Every structure is written in C-alpha cells, then in structure tokens.
Amino acid sequence: MAVDMNPPEGALDFLIAAGWGAAEIRPVAGDASFRRYFRAVEHDRTAILMDAPPPHEDPRPFIAIAEWLTGRGFAAPRILHQDLDQGLVLIEDFGDARLKETVEAAPESELRLYEAAVDLLIRLAAQAPADVPLYDQAVYQREAALLPEWYCPAMGLEVDAQGYADAWDAVLAPVLEHAPVTVLRDYHAENIMLIGGSESLGLLDFQDALAGHPAYDLVSLLQDARRDVPAALETAMLDRYKRVTGVGGAFDVAYHVLGAQRNAKIVGIFTRLWKRDGKPRYAALCPRVWGYLERDLKHPALKPVADWFDANIRPEMRGDPLVITGA
C-alpha cells in the first residue's frame, strides 16, 4: 500500500496562519504509523510540517515531550505552530543527516557517534522523569503479546499464549524494581539526527515516551531493527553506560530482558505492518530482529521465555515471514 504524500487538506491555510504562506510543500516521508511529514521551503528557511491526523494520531504527546526535552537542554524540534483539531504541527527542521546514513557513509564515525548517543541517554537518565504514564507490567505484557498475536498466526502456528504470558511474568521483576526514568522508546539510528552538519544529536519520534527502565532506550539503540549493530560495539557501549553510571549486574539482566521483550514486540509489529497495513517491506527486517532476540534469550535470566520459544516456535520458523511462508 503506497503512502499518500499529497499535502493534507488545510495545509495551505495552516501555513498561512503560521507565517509560512509562500512556502513550497515537499514530501519527506511517512513512517510506520499514520503520521506523515513534509518540508516547508520558503526562500532560505525550512520547517517540517507534521500531519498527525485525528482520530488515528494525537500530536499533543509529541509537543509535550518536545518541550520537556528542550527545557532540559536536549535537542528536540522547536514547535513553531500547531492546529490540534487538524493534527497539523509545524516544527523545526533538523535536516536529513540521520545517524544511520552518516555511519554508513563514514564508518570511522561509528564509535564516536554511538558514544555520543549513549552519553545522551546517561544525561537523560539523570533527570527526574517527565509527567508520562508508567511503563508497567501490563504495558510490557501487552507489547510482548504482539508476537503471538500477529507473527504466529501469519506463520500458521498455534502456540501456548498463556504460557507465554506466564514466562514474561517470571522474568520482568528486575525491570520493575528500578526507579523509572523518561524512556523515549524509539531511540535508534533513524531517529537520531546530526544537526546542521555537526555532530550535535537531535531527537525525533519520542511521542510515546513512558517512565520506565533506562536499559530500554539503550537496547533500542544497540539492538537496532533497521541496521546491524556489531556485537563488539554493543558490548563496548553497554560497558560505557555501566562504567559512567555505576550500575551493576542487575542492569545487565534488565538489558537482556528488555532486549527480548522489545524484539518480540517488533517482530509482532513488523508482521502487523505487513498483514494489516499492506507494508511488506517491514517483514524483511524480521531476520535481524530475530537475531537480536535469540542473542538475548541466551542470558540465564531469560530461561522461562527461552524455553517457551523452544517449545512453540522452531528455529526454522524464525525469520522473514514472507520468505518462510512463501507469501
């Protein structure tokens, strides 16, 4: 299903009201949600027009977290104009230099950019959490359940759903015991921008932030569904985080538990994007995510969950659902 990249109704009037009436509207991208993005270009200035149409999307959380972040010295886009009834928001343009493509074009930059990204998370964890909902047991379970809900039926697998939930209950306790911090929840190389040609890191796609364990965003960065993060780099960055913050072995446990939880969720989401939303390109990302998931499942703390996978999803059934099923 192709994403409609025609400007939304009301875009011109919105830009006129924002003082950008002479701007040319150019499509930038859609994403895995209903949100779409356009670049408003007027003479020597640019801005990003976010189309977050109700009732599918609500831009209020994005605006609130953007303002929370900027108020604490983090680089989130400034809000230039908004019309919440239409779901239109004009925001600061961070350009097109994402961490992902920058590292691919200049591999020698990978270590220092990931160090900077980890250091940003260390700063974030030092802040009192934003006024956002708690990342609690129910949320973790609901997210993990996306795998048996979407991936398993797509593969023709009948699995033990209750045993799956019980296995997660058995491993999530160390995660829930940690004092919560603001968790951006989608902190990875396609959502980290290099602003203005520098190596100053800008943040995007944080509207789903919750108050949870700091290991979650570290997992999101280092077990990136959209690029291969070398295992040696993952280890080095995890060690850097632990060394600077002084966290101990319980953090390692939480890191792998949340790695398994997040990757199970992503397999389910990517399958749903294929089956429900007509976006088959996401299915091709599943093998990488399965690789991360299987790596996490080797940690002793994950034994109940690993045992469930061994009993319910054979190794040859873990991968690209389009390829395995011949769909």
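Provided above is the structure to which this section pertains.
So, here's what we can say about the structure.

Calculation rules
- Residues numbered from 1 in each chain as written.
- Predicted model: local features only at pLDDT ≥ 70, side-chain atom pairs only at ≥ 80, totals over all residues.
- Heavy atoms only, no water.
- Helix = DSSP H or I, 4+ residues; strand = E, 2+ residues; numbered from the N terminus.
- Buried < 20%, exposed > 50% of the residue type's maximum accessible area, 1.4 Å probe, protein only.
- Contact = heavy atoms within 4.5 Å.
- Areas by Shrake-Rupley, 256 points an atom, 1.4 Å probe, with all protein chains shown as cover.
- Lys, Arg positive; Asp, Glu negative; His and termini not counted.
- Charge placed at Lys NZ, Arg CZ, Asp CG, Glu CD.
- Axes fitted to C-alpha atoms, helices over the stretch in contact; angles between N-to-C directions.
- Parallel < 35°, antiparallel > 145°, perpendicular 65-115°, else oblique.
- Left-handed = near helix turned anticlockwise from the far one by under 90°.
- Nonpolar A, V, L, I, M, F, W, Y, C, P; charged D, E, K, R; others polar.
- Pairing = 2+ DSSP bridges.
- Core = buried A, V, L, I, M, F, W, Y, C linked by side-chain atoms within 4.5 Å.
- Disulfide = S-S within 2.5 Å.
- Polar contact = N/O pair within 3.5 Å; in protein donor to acceptor, adjacent residues only side chain to side chain.
- Arc of directions from axis to C-beta.
- Phe/Tyr/Trp six-rings, centres within 6.5 Å; stacked < 30°, edge-to-face > 60°.
- Lys NZ or Arg CZ within 6 Å of the ring centre and 35° of its normal.
- Salt bridge = Lys/Arg side-chain N within 4 Å of Asp/Glu carboxyl O.

### Describing the overall build of the protein
What the protein contains, in helices and strands, is 14 helices and nine strands. Considered along the principal axes of its C-alpha atoms, the protein spans approximately 60 × 45 × 40 Å. Evaluated residue by residue, the protein yields a buried proportion of 51% over its 327 residues. The long-range share in the protein, meaning contacts at least 24 apart out of those at least 6 apart in sequence, stands at 72%. Carbon and sulfur atoms make up 53% of the accessible area of the protein, which amounts to about 14200 Å² in all. Each charge class in the protein was averaged separately, 32 positive and 49 negative side chains, and the resulting centres sit 2 Å apart.

### Considerations on the packing of helix α7 (residues 161-171) against helix α11 (residues 249-275)
A packed helix pair is summarised by two numbers, namely the angle formed by the two axes and the spacing between the axes. Closest axis-to-axis distance for the α7/α11 pair is 11 Å, and the angle between their directions is 150°. Relative to α11, the element α7 lies roughly antiparallel. The handedness of the crossing between α7 and α11 is left-handed. Within the contact between the two elements, α7 uses Y164, W168 and V171 and α11 uses V257, A260, Q261 and A264. Split into classes, the residues belonging to the contact of α7 with α11 amount to six nonpolar, one polar and no charged.

### Structural notes on the packing of helix α5 (residues 137-144) against helix α6 (residues 146-154)
It is at 4 Å that the axes of α5 and α6 come closest, and there the two elements cross at 5°. One element, α5, and the other, α6, form an angle in the roughly parallel class. On the side of α5, the interface is formed by R142, E143 and A144, while α6 contributes L146, L147 and P148. Taken together, the residues of the contact of α5 with α6 sort by class into four nonpolar, no polar and two charged.

### Looking at the pairing of strand β4 (residues 79-83)
Where β4 and strand β5 (residues 88-92) come together, four bridges link them in antiparallel fashion. Bridging across to β5, H81 finds its partner in L90.

### Concerning the nonpolar core
If you look at the biggest cluster of nonpolar residues, it comprises 92 residues, and the most contacted ones within it are L69, Y114, L147, W168 and F309. With 12 residues, α11 is the single largest residue contributor to this core. By size, the runner-up hydrophobic cluster in this structure holds 11 residues, among which are F14, A23, F38 and L88.

### Points about the environment of I91
With respect to the element layout, I91 can be found in strand β5. Put simply, I91 and Q207 are 116 residues apart on the chain and 14 Å apart in space, counted from C-alpha to C-alpha. I91 has contacts with A47, I48, F62, P77, R78, I79 and L80, leaving out every residue within four places of it along the chain.

### Quick look at the state of the cysteines
Per the stated rule, a full pass over the model turns up zero disulfides. As a non-bridged cysteine, C152 has C286 as the owner of its nearest cysteine sulfur, 12 Å distant. The class of C286 is buried, set by a relative accessible area of 0%.

### Here we look at the side chain of E42
Looking at where E42 falls in the secondary structure, it is placed in strand β2 (residues 36-42). According to the relative accessible area criterion, E42 is buried, its value standing at 9%. Side-chain polar atoms of E42 contact the backbone nitrogen of A23, separated by 3.4 Å. Polar contacts involving the side chain of E42 include one to the side chain of R45, which spans 2.5 Å. E42 has contacts with G19, W20, G21, A22 and A23, leaving out every residue within four places of it along the chain.

### With respect to helix α13 (residues 303-312)
Buried residues of α13: V305, A306, W308, F309 and N312, and no others. Buried positions in α13, seen along its axis, are confined to an arc of 155° and lie on one side of it. Residues of α13 that are exposed and point over 90 degrees away from its buried face: K303, D310 and A311. Of the surrounding secondary structure, the elements contacted by the buried residues of α13 are α6, α7 and α12 (286-297).

### Re the packing of aromatic side chains
Throughout the structure, instances matching the rule amount to 11 aromatic pairs. Here the aromatic cluster, defined as three or more aromatic residues joined through ring pairs, consists of Y151, Y164, W168, W290, W308 and F309. In this structure, R45 packs its charged tip against the face of W20, placed 3.7 Å from the ring centre. Across from the ring centre of W274, 4.8 Å away, lies the NZ or CZ of K275, which sits over that ring.

### Concerning the pattern of salt bridges
A complete count under the given rule lists 28 salt bridges for this structure. Close ionic contact of K242 with D239 constitutes a salt bridge, the shortest N to O distance being 3.8 Å. Of this pair, K242 and D239 both sit in helix α10 (residues 231-245), separated by three residues, roughly a single helical turn. For R318, the salt bridge goes to D310, with nearest N and O atoms at 3.7 Å. It is possible to trace a salt-bridge network through shared partners that takes in R98, E101, E190 and R226.

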